Amino acid sequence: YQWYLNGVAVYQGNSSVLTINDSGDYSVEVNSLNGCTLTSETYTVYDSQLATPVINIIGETDFCEGDGTVVLEGGFQENGEPYYNYVWFFNDETSGFTNTQSIAVNESGSYTLRVEDDFGCQAYSEPVIINISEGTNIGIFTNETHICQGESTILYCGDDEEGLIVFWFEAGNP
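Residues numbered from 1 in each chain as written. Predicted model: local features only at pLDDT ≥ 70, side-chain atom pairs only at ≥ 80, totals over all residues. Heavy atoms only, no water.

Draft legend 1. Here's a closer look at unusual backbone geometry. Although it is not a glycine, Asn6 sits at a positive phi angle of roughly 55°. Looking at where Asn6 falls in the secondary structure, it is placed in the loop between strand S1 (2-5) and strand S2 (8-12). (Helix = DSSP H or I, 4+ residues; strand = E, 2+ residues; numbered from the N terminus.)

Draft legend 2. Spatial organisation of the packing of aromatic side chains. Summed over all chains, the structure comprises 3 aromatic pairs. Judged by centre distance (5.7 Å) and plane angle (85°), the ring pair of Tyr83 and Tyr86 falls under edge-to-face. Here Tyr83 matches Tyr86 in class, with each residue buried. Centre to centre, the rings of Phe89 and Tyr124 are 6.0 Å apart; their planes meet at 45°, and the pair counts as tilted. Of this pair, Phe89 sits in strand S9 (residues 85-90) while Tyr124 sits in strand S13 (residues 122-124), placing them 35 residues apart in sequence. On the basis of relative accessibility, which here comes to 12%, the residue Phe89 falls in the buried class. With a relative accessible area of 43%, Tyr124 lands in the partly exposed category. (Phe/Tyr/Trp six-rings, centres within 6.5 Å; stacked < 30°, edge-to-face > 60°. Buried < 20%, exposed > 50% of the residue type's maximum accessible area, 1.4 Å probe, protein only.)

Draft legend 3. The environment of Leu50, seen in detail. Position of Leu50 relative to the elements: it lies in the loop between strand S5 (43-45) and strand S6 (55-58). Note: C-alpha distance between Leu50 and Pro127 (77 residues apart in sequence) is 17 Å. Not counting chain neighbours up to four residues away, the residues in contact with Leu50 comprise Tyr83, Val115, Asp117, Cys121, Gln122 and Ala123. (Contact = heavy atoms within 4.5 Å.)

Draft legend 4. Highlighting the sheet that holds strand S11 (residues 102-105). Taken in spatial order, the 3 strands of this open sheet run S6-S8-S11, and their pairing is antiparallel. At either margin of the open sheet sits one strand with a lone partner, and together these are S6 and S11. With strand direction ignored, the average angle separating the axes of adjacent strands in the sheet is 20°. Pairing analysis gives 4 bridges linking S6 to strand S8 (residues 70-74), with the strands arranged antiparallel. Along S8, the bridge assignment pairs Asn56 with Glu73. (Pairing = 2+ DSSP bridges. Axes fitted to C-alpha atoms, helices over the stretch in contact; angles between N-to-C directions.)

Printed below as a string of structure tokens:
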């Protein structure tokens, strides 16, 4: 057996099987027992190398808990078509979101996308980091829980975080 890649001899031996890593036009010549040389037709192998997929971010990557969500959207192939399959990873673990192009995110962490084309080739995106800050617990404290008409008391705002701006409301009005 004499194997050829793009018309250039690449392997000669006694094997009818050739393991390849390169794309191109392959053919094989075989010498029969009666001395004839048989040549195959050319077989073309294509390289289906995927570009690194890009995650489109719709919304902010840093926001406060309860202020909404961010949508992560997997892009398209270079030909403009959607990928054959989308698999989302959350903190390097499969997130359960498979074969969906976009996901709504409401949890802090690292999100990565694996895409697959029609030939089974896969590529991974760069991770997107989402930071969702937890709400701050604020308490109101006073020495008096009951006041008589015409008297006053002082209310204190206690918080878990320094640097907060406090707005006081009475009956829903500032």
